[in-house]
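Commentary on secondary and tertiary structure
One-letter residues, chain by chain:
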Amino acid sequence: MIGGYATDWSVIGDYLGVLLYGVVLTLRLSVLSIAVAIIVGIFAGLCRISKNPVVAFLAASYVEFIRGIPLLVFLMFIYFGIGSFVNLQAKTAAVLGLGVFTGAFVAEMVRSGIEGIPRGQMEAARSSGMTYLQAMRLIILPQAFRRILPPLAGQFISLIKDSSLVSVISVYDLTLQTRNVIIATFRSFEIWTFTAVLYFVMTFTLSQAFRAFERRFKIEH
Amino acid sequence: MIQVADVHKRYGNTAVLNGVNLNVAEGEVVVIAGPSGAGKSTFLRTLNGLEPIQRGSIMVNGMSVHDRRTNLNLLRQHIGFVFQHFNLYPHLTAQQNVAIAPIHVLNVPKAEAETRAKDILAGLGLGDKICSYPTQLSGGQQQRVAIARALAINPNLILFDEPTSALDPEMIKEVLDAMRALAGKGMTMVVVSHEMGFAKEVCSRIAFMDKGVIIEEAPPAEFFANPKHPRTREFLSKIIY
């Protein structure tokens, strides 16, 4: 007993199912949001370097706007704000919010990744008769992705952690489940400790997966 | 095969090409020589539309290269291009580098394209390097892979942009030998190069370029023995060949 608080770790066993349900939902939201972020990010990244000034401006505005507002505000805006006009499920709003938010950061990485590929690569591809999109898909993006893998990993790890914010729009992710278990048990210390460990396991696994991925696709130099 | 008439190009206020005229017939090997900054590489790059022009016309294989209605992708399916810095795709093996355009541009079945890539590479003495990545190859080997890549689309014309300028001296010969063999098979080639030995021995014609204009054109024997333009004479007096 420290400071009058007797720890009791057995509550974790009692509520393991509830907490793991939260883990599953957090993972599902994260995977779907990452998919949205990749699609939005590639699209916006390509638009950023478009020769069409209107397209480039719209993409730049999206990136700047998202980078300038807190994720919490953005989630509220989607769920309650957009939700005033269209019927949005909380989970859908969560995936859209996280995905579109992270997409802005992915777009910047995609842009810088593409700009880092020597111009001769595009010229060689185009000289062999490839269209711009073929050259992008077959030659430029595969190289750009290898380069941006490390910062991309960091961004997706952030996404898993930031997904805890969706608890404020009543999505029953790990964080909201944790709060519910604590309301039932008053075991804050034990449950939050366990939840922190669960988040760490998720993010650490993802970061190790990215490491393996990087090694697998490394270009020999 | 190539008809160039009065081509002008400028970057901002700097004129690079000032009325270039050149005709190349099928089976000819034309070397474009001249001092640095004469516009040789820029000119070569206008031939497949890599560089836009402001005035004049370029016809290649009967297609007007700088006409907006021309499908450049279609035009380029018949023109190989070999770069000074190779520009091989670093994430692909030698074989994949060679096979990728046939597979995705010409819709050749993958297995067939890969077999053909292997054969072309073997023909250039790279049979044991098909699974190597570009960074595992020497400069001379990389440039030969680049030549194989240019050949893979079955071009009837290959453009070479200073193909030996980025190579160590001991690797120049293997690349020139590959080009000589191609010329021997009747490939139409336009070569920007400082390799006067190669020009003397292999090409049908030398076009000498200075300040964005081709000022003299002659078969190599005549070009070296009896240069007409003072600028050509000055250039030849300064170089070793």
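Keep in mind that what you see is a predicted model, and the values were worked out from it rather than measured.

**Description of the overall build of chain B**
Helix and strand counts for chain B come out as 9 helices and 10 strands. On C-alpha atoms alone, chain B measures out to a radius of gyration of 18 Å, which is about the 18 Å that the 2.2 N^0.38 rule sets for 241 residues. Within chain B, buried positions represent 56% of all 241 residues. In chain B, the share of contacts with a sequence separation of at least 24, taken over all contacts with a separation of at least 6, comes to 64%. For chain B, the accessible surface area stands at approximately 10,200 Å², while carbon and sulfur atoms represent 50% of it. For chain B, the separation between the mean place of its 24 positive charges and that of its 22 negative charges on side chains is 4 Å.

**Re helix α6 (residues 169-184) of chain B**
Residues and elements named next belong to chain B. Taking 1.5 Å per residue as the helical rise, α6 with its 16 residues ought to reach 22 Å, and the 23 Å between its terminal C-alpha atoms agrees with that figure. Restricting attention to buried positions, one finds in α6 the residues M171, I172, V175, L176, A178, M179, L182 and A183. For α6, the buried positions fall inside an angular range of 155 degrees around the axis, keeping them on one side. Away from the buried face of α6 by more than 90 degrees, exposed residues E170, K173 and G184 are located. As for α6, its buried residues are in contact with β3 (29-33), α5 (139-152), β7 (157-161), β8 (188-192) and α7 (196-202). Positive phi shows up at G186, right after α6, with a value of about 90 degrees.

**Some thoughts on the confidence of the model for chain A**
Confidence in the prediction for chain A averages 93 pLDDT; 98% of positions are at 70 or higher. Mean pLDDT per element in chain A: helix α1 (residues 10-14) of chain A is the minimum at 89, and helix α6 (residues 119-127) of chain A is the maximum at 97.

**What to know about the side chain of D161(B)**
Residue and element names in this part refer to chain B. By secondary structure assignment, the location of D161 is in strand β7. Notably, D161 is buried but unbridged: the nearest opposite-charge side chain belongs to R45, and the N-O separation is 5.1 Å. One polar contact links D161 to S41, side chain to side chain, over a distance of 2.6 Å. Contacts of D161, omitting those with residues within four sequence positions, involve S41, L44, R45, F81, V82, F83, Q84 and V192.

**With respect to a nonpolar patch on the surface**
Taken together, the side chains of L72(A), M76(A), F80(A) and V168(A) make up a nonpolar region of the molecular surface, amounting to roughly 310 Å² of accessible area. Residue position: M76(A) is located in helix α4 (residues 71-81).

**Digging into the pairing of strand β9 (residues 205-210) of chain B**
All names here are of chain B. When you tally the buried positions in β9, you get 6 out of 6 residues, the bulk of the element. Of the two faces of β9, both are covered, the one formed by R205, A207 and M209 as well as the one formed by I206, F208 and D210. Bridging between β3 and β9 involves 4 bridges; their strand directions are parallel. For A33, the partnering residue across the bridge sits in β9 and is F208. Where β9 meets strand β10 (residues 213-218), 5 bridges bridge the pair, whose relative direction is antiparallel. In the strand pairing of β10, D210 is matched with V213.

The rules behind these values
- Residues numbered from 1 in each chain as written.
- Chains lettered and ligands numbered in written order.
- Predicted model: local features only at pLDDT ≥ 70, side-chain atom pairs only at ≥ 80, totals over all residues.
- Heavy atoms only, no water.
- Helix = DSSP H or I, 4+ residues; strand = E, 2+ residues; numbered from the N terminus.
- Rg over C-alpha atoms; globule rule 2.2 N^0.38 Å.
- Buried < 20%, exposed > 50% of the residue type's maximum accessible area, 1.4 Å probe, protein only.
- Contact = heavy atoms within 4.5 Å.
- Areas by Shrake-Rupley, 256 points an atom, 1.4 Å probe, with all protein chains shown as cover.
- Lys, Arg positive; Asp, Glu negative; His and termini not counted.
- Charge placed at Lys NZ, Arg CZ, Asp CG, Glu CD.
- Expected span 1.5 Å × (residues − 1).
- Arc of directions from axis to C-beta.
- pLDDT = per-residue confidence, 0-100.
- Salt bridge = Lys/Arg side-chain N within 4 Å of Asp/Glu carboxyl O.
- Polar contact = N/O pair within 3.5 Å; in protein donor to acceptor, adjacent residues only side chain to side chain.
- Patch = residues over 30% accessible without salt bridge, like charges linked within 9 Å, V, L, I, M, F, W, Y side chains within 5 Å.
- Pairing = 2+ DSSP bridges.

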